[in-house]
Amino acid sequence: MSTVCTSEETIKTIVSIQITAKCGRNIQGKKGDNLQSFLQVSVEEVNLGESEKKHANPAKHTIDYDFTCSYNPPNDAQAFSEILQKAITFTLVEVLHEGKKGELKTAILGQAVVDFFPLLQGQCTFLSTVPVNPMVNPAIKESRQGIHRKQPTLDVCVSVSEPLLTEAELSTCIIMKVTVETAYSLPDTWTLPSGSAHSPFAYFAALEVPLTAEHDQVLMFSEGYLKPGGQREGKCRRKRRPLQTLLVPGNQFLPGSFCQPEPIDHEDGELTGLEDQPFRVEAEITKNRVSWDTEIRCFLDSSGASRLKEKITESRLWPVELMRTLVPLSRLGDENPEIPFHGLAFVDMGRLLYPGVSRIRGAYTVHPFYESELLNKQSVLPAKATISDETPESGSEPETKVNVEGNMYLEARTYVIIEMSLNRPLVPKPSPEELARRVKVLIPPKPKRPAGPSRAEKAVLDFHTQVGNAVDAVSEQFAELFGANSELQESLSKEQILAEVMGGLNVSGRYFTFKEQIKLAVVKIVRDKMQRSKPLTDPQEVKEFVSKLYVYLVDEMHVALNKIYSSDVAEDCTDGIKLESSQLRHFAKEAQLTSNYQQAVQYYQELVVRHPDEPLYKFEWGSLYMLIGDYMKAKECFHDAVSTQQTHQPSLMMCGVVAVLFERYNEALTFLERATSLEPPSVEAWTLMGLLHLSLNEAFLPERAFLEAKKILGEEEANRAHADDNTEEVKAQQDEHETDNPAPPPMAEHDPEFPDHDMEESGETSSHSDRSATPTKLTSSIFTQTVKFLLQNNALQMSEYALTQELLGSKGGCSVPYYYSLAQFQLLKGDYSSAIDNLKEALFYKSQNPDAWALKGHCHYLQGAFTEARESYEWSMVFPEPPSDTNIVLLRLGAIYILEEKFMQAKEVFLQACEQSPSCLTWLGLGKACYRLGELCVAEEAVAVATLLNSSNAEVWAYLSLISLKSGRLEEGDEYYKNAISFDLQDSSLIEEISEAKHQTRMSKLASCFNASAQAQGEIV
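Not measured: the values here are computed from a predicted model.

Criteria and thresholds
Residues numbered from 1 in each chain as written. Predicted model: local features only at pLDDT ≥ 70, side-chain atom pairs only at ≥ 80, totals over all residues. Heavy atoms only, no water. Helix = DSSP H or I, 4+ residues; strand = E, 2+ residues; numbered from the N terminus. Buried < 20%, exposed > 50% of the residue type's maximum accessible area, 1.4 Å probe, protein only. Contact = heavy atoms within 4.5 Å. Areas by Shrake-Rupley, 256 points an atom, 1.4 Å probe, with all protein chains shown as cover. Salt bridge = Lys/Arg side-chain N within 4 Å of Asp/Glu carboxyl O. Polar contact = N/O pair within 3.5 Å; in protein donor to acceptor, adjacent residues only side chain to side chain. Pairing = 2+ DSSP bridges. Axes fitted to C-alpha atoms, helices over the stretch in contact; angles between N-to-C directions. Patch = residues over 30% accessible without salt bridge, like charges linked within 9 Å, V, L, I, M, F, W, Y side chains within 5 Å. Expected span 1.5 Å × (residues − 1). Core = buried A, V, L, I, M, F, W, Y, C linked by side-chain atoms within 4.5 Å. Phe/Tyr/Trp six-rings, centres within 6.5 Å; stacked < 30°, edge-to-face > 60°. Parallel < 35°, antiparallel > 145°, perpendicular 65-115°, else oblique. Left-handed = near helix turned anticlockwise from the far one by under 90°. Nonpolar A, V, L, I, M, F, W, Y, C, P; charged D, E, K, R; others polar.

Caption draft 1: Structural context of the overall build of the protein chain. Within the protein chain, the secondary structure is distributed over 36 helices and 21 strands. The buried share of the protein chain, taken over its 1021 residues, is 44%. Pairs at least 24 residues apart make up 69% of the contacts formed inside the protein chain by residues separated by at least 6 positions. Accessible area of the protein chain: about 54000 Å², with a carbon and sulfur share of 52%.

Written out as structure tokens, the structure reads:
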């Protein structure tokens, strides 16, 4: 590079680009093997040089040009942007005849083109073999002659002495590619002339993008052409270069660049809805269109890239101007002050500020050009050619001239396909590996547990085994001496028995055997457990160590003996039940639903102890603490789950939610970003991240997260729909037809709040008569689906925020899922009346919703309105699909039947609960119902099973006491009652009933005693 001084006394570098044409191959001329040719090298219309005349090598079919020239643009952003749009043109010229005076008769053989693009990617030198394309297409002529020629090529080397851009500049600058593809659904006046293949009009598109911090650059697409309809544009069409008039037809295309169409619903622009697709299909197949298919590359230095971000942040809609004219663009403003068919398409550039996004493509509607539409943006077309140039007089209102031709775009619904791409995202997206590293910093993973016991643990276990062997040896010796002679054992003292046993052990050799075995086990404990491998020399240290070892061995001996004899007891006990983990999890959820939080905590503690490497139980334990309101313990549980498994998606999401509660937003963002990077993609994770960005008032990021969530939700729904076969669809239709107007259950009266359609048609009054019976929005949204996750894990603050966004985004009315989710939220908040009102709204639109009926029953139950709760629970069990929380519905419905003294119905309900999901409470409920029915044997069996499932339930022991007392077993009843009191029995009516039963049992026993005594006296007399 060389330097020159400018007038501002600054140093400006000149880039020297060396261009070498090395060898031409398979070049064919009119002289055949006697071909003589030379090269002309140019960049755009600037001639860089001409090579010497070279003869072809007929044997190798090559021409060695070895011609070098240089191109010296300035080293600035403007020049870099220009060379991205220009190309090096090599024109091959054949010498046909050379006159005496040096006059040449020549013929152009072809043209080759090379781009500068690799130099701006950091390369200093690149080699390229490019095709040499003829000036005219000789394919037809050659096919007639039966000629099959190899493709002529040219070897080219382009180099610079040092990189045009440093590593730092490469990491901060931007190479932007803008492609204007095709304009569809044109105004009706845009027709091809009859008998002509080309339109006489010129079609232009233009937009302005930043170059540096102070300057912009205009990208002009000037070679659009009108095409007839009749078929869709081909897929993977090759993109064209700008300035195509200087190139032969084969060189107009950019190598490796293709138009990449995609499904309409995946585009980034407008007209992507289902209602727009028929219109677009028709326009893109049958109607005329203007095709550019041109890509312009431009360079933005680091300050230009920063300004690009700033401009998008200030205004996300960027104008692209379109026009049609007969006049050359350079003379348009001078001869005609108005631009014909001047239109504007506004490209939403906001998505380029989404993390990781570097490409947008879509259809953009064309609007008529008005200055007001630009919002003080200057037109990039000639300044004199605007719709309203005249400055209004002082004090007068500006008059906007109607753009008649531009309005034709609106009438025709014209749109244009535009693509923009960057070589790197404006906002980088952290990689999954980086996000995993960040999470690991916040929550270090737990070390992996060893596959088996360690050496120290093995040493202790071996000592326990040897203690067991010693016990067996002593037991055998004792049995040999005294097993069959009990009189001898009774006649000896303990000291004498011990002496006899020790003597027998020595004589039989048993003592020596187990002594040596225990000795080896003690050596292992000293070496592996106490980490002592060197001998002790200090007598005091020896004494202390021996004392410590003795205490430890005695303790471990007691542990071993307890294992031996406790296992014997366990084998003898046939009534014990080993609860499975699935049962414990069910009991924990049941205790949580019945507000017995301490019991639920105990179940989760046992689950975590059993399965220390399973994050699910820690996650659910954290959700329990969220319900209690102990957010610090909830945080510990969620963090513990993540430390156990760093990719546990629900725990990561809840870590983010809890971090928001503690206003640690950076941590929350890290957790949620990591959750979104995991498979499978999660609607809830993306929605939560969007809510976080929204709460922080961040631009573009909430929108991006919500769009990703909607995309995932759409794919999930499509997959579910695809999975349903025709048989299932027919069955669902039949079931729906059968349950359109279900008859009320025999135990429930018709609910007047939710009239069926026949009643509405007959003109009966209803508080909802002024509204349509069909909801305006029935499908789930990303917010209602996320609220479902949040409410399941008792995150009320974030749930409220998500419900607010769902309400703000609802168009035309609230949806059934919204009403249901809002009612769930209000139930957890304790606002039962409001929850019932919202459930009435949901049931008005969709009365066959078992979950809504069940939730309504819960609200009435917690209010103490048991009659209304019973009716709602009965309705929830009518439908073919049961409610999702059937267990708690059956428990509460059975409890209400017992309160209403409908004991037979209570028995049926609790029997169903015991069959579906047996637990202590279901068996206890069955025992209660049977006790009230007088079926004491069945009641006792049911309550006995309940004690096995949960022996710390005070009510279970209380009913066992009642059953025993009713059966006349006073002592048993007293013992069971003491157990109930020890477990803190609080039910005063039950305590009073037990006291009365005790009194009746005692009185009946006294009466039977008196009767027996009187009968005996009578017999004596």
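Caption draft 2: Quick peek at the pattern of salt bridges. Per the stated rule, a full pass over the model turns up 48 salt bridges. Salt-bridge contacts for Arg280 lead to Glu267; the nearest nitrogen and oxygen are separated by 2.7 Å. Here Glu267 lies in the loop between strand S16 (253-258) and helix H4 (277-286) and Arg280 lies in helix H4, a separation of 13 residues in the sequence. Pair check on accessibility: Arg280 and Glu267 agree, each one buried. Measuring nitrogen to oxygen at the nearest pair gives 3.1 Å for the salt bridge that ties Arg359 to Glu419. Of the two residues, Arg359 is situated in strand S20 (residues 359-368) and Glu419 in strand S21 (residues 415-422); the sequence distance between them amounts to 60 residues. For Arg359, a relative accessible area of 27% puts it in the partly exposed group. Classification of Glu419 by relative accessible area gives buried; the value is 5%.

Caption draft 3: Looking closely at the environment of Thr644. If you trace the backbone, Thr644 turns up in helix H17 (residues 631-644). With a relative accessible area of 22%, Thr644 lands in the partly exposed category. Not counting chain neighbours up to four residues away, the residues in contact with Thr644 comprise Lys446, Pro612, Asp613, Glu614, Pro615 and Lys618. A polar contact of 2.9 Å, which involves the side chain of Thr644, links it to the backbone oxygen of Asp640.

Caption draft 4: Broad picture of the sheet that holds strand S11 (residues 153-160). In spatial order, the strands read S7-S3-S11-S10; together these 4 strands make up an open sheet with antiparallel pairing. Of all the strands in the sheet, just strand S7 (62-71) and strand S10 (125-131) have a single pairing partner and so form its edges. Sheet twist, expressed as the average angle between the axes of neighbouring strands with direction ignored, equals 15 degrees.

Caption draft 5: A nonpolar patch on the surface, seen in detail. Taken together, Ile108, Met135 and Val136 make up a surface patch of nonpolar side chains, about 280 Å² in accessible area. Relative to the elements of secondary structure, Met135 occurs in the loop between S10 and helix H2 (139-145). On the basis of relative accessibility, which here comes to 39%, the residue Met135 falls in the partly exposed class.

Caption draft 6: Molecular detail of helix H32 (residues 920-932). With 13 residues, H32 extends 18 Å between its outermost C-alpha atoms, agreeing within 8% with the 18 Å of an ideal straight helix rising 1.5 Å per residue. Here H32 lies mainly inside the structure; 10 of its 13 residues are buried. Where H32 ends, the next residue or the one after it, Gly934, has phi of about 85 degrees, a positive value.

Caption draft 7: The arrangement of helix H28 (residues 850-863) in detail. A rise of 1.5 Å per residue sets the reference length of H28, with its 14 residues, at 20 Å; its end C-alpha atoms lie 20 Å apart and thus fit the reference within 8%. Counting buried residues along H28, 10 of its 14 residues qualify, which places the element largely inside the surrounding structure. All of the buried residues in H28 are Pro850, Ala852, Trp853, Ala854, Leu855, Lys856, Gly857, His858, Cys859 and His860. Elements that come into contact with the buried residues of H28 comprise helix H26 (816-829), helix H27 (832-845), helix H29 (866-876) and helix H30 (886-899). A distance of 3.2 Å separates the backbone nitrogen of Asp851 from a side-chain oxygen at the start of H28, and that oxygen is part of Asn849. Gly864 sits one or two positions beyond H28 and adopts a positive phi of about 90 degrees.

Caption draft 8: Main features of the side chain of Ser421. Of note, Ser421 is situated in strand S21. Those residues in contact with Ser421 that lie beyond four places of it in its chain are Ile175, Met176, Lys177, Ser358 and Arg359.

Caption draft 9: Fine view of the nonpolar core. Counting residues in hydrophobic clusters, the biggest one holds 111 residues, and the most contacted among them are Trp621, Phe638, Met654 and Leu688. Broken down by element, the residue count for this core peaks at 9 residues, all from helix H34 (residues 954-966). In contact with Met654, other than residues within four places in its own chain, are Phe619, Met626, Phe638, Phe789, Asn793 and Ala795. One finds Cys69, Ile88, Leu120 and Leu165 within the second-largest nonpolar core, a separate group that totals 43 residues.

Caption draft 10: Focus on the packing of aromatic side chains. Throughout the structure, instances matching the rule amount to 20 aromatic pairs. Plain terms: the ring middles of Trp190 and Tyr409 are 5.9 Å apart, the flat faces sit at 75 degrees to each other, and that makes the pair edge-to-face. Of the two residues, Trp190 is situated in the loop between strand S12 (174-184) and strand S13 (202-210) and Tyr409 in helix H7 (residues 404-412); the sequence distance between them amounts to 219 residues. Both residues of the pair, Trp190 and Tyr409, belong to the buried class. Arranged with centres 5.1 Å apart and planes meeting at 70 degrees, the rings of Phe706 and Phe783 form a pair that is edge-to-face. With a gap of 77 residues between them, Phe706 in helix H21 (residues 701-723) and Phe783 in helix H24 (residues 782-792) connect regions that are remote in the sequence. Grouping residues by exposure puts Phe706 and Phe783 together as buried.

Caption draft 11: Inspection of the packing of helix H25 (residues 796-809) against H26 at higher detail. One way to put it is that H25 packs onto H26 with a least axis distance of 11 Å and a crossing angle of 150 degrees. The orientation of H25 with respect to H26, classified from their angle, is roughly antiparallel. The crossing of H25 and H26 is left-handed. From H25, Leu796, Ser799, Glu800, Leu803, Glu806 and Leu807 reach across to H26, where they touch Tyr818, Ser821, Leu822, Phe825, Leu828 and Lys829. Considered class by class, the residues forming the contact of H25 with H26 number 7 nonpolar, 2 polar and 3 charged.

Caption draft 12: Examining the side chain of Glu419 more closely. Within the local environment of Glu419, its side chain forms a polar contact with the side chain of Lys239, the two groups lying 3.4 Å apart. In terms of polar contacts, Glu419 uses its side chain to reach the side chain of Arg359, at 3.1 Å.

Caption draft 13: Broad picture of unusual backbone geometry. The amide bond that connects Glu679 to the next residue, Pro680, takes the cis arrangement and shows omega of -5 degrees. Mapped onto the elements of the fold, Pro680 is located in the loop between helix H19 (665-676) and helix H20 (683-695). Despite not being glycine, Asn794 shows a phi value in the positive range, around 60 degrees. Judged by its relative accessible area of 6%, Asn794 is buried.

The quantities given are spatial measurements derived from coordinates; they are silent on function.
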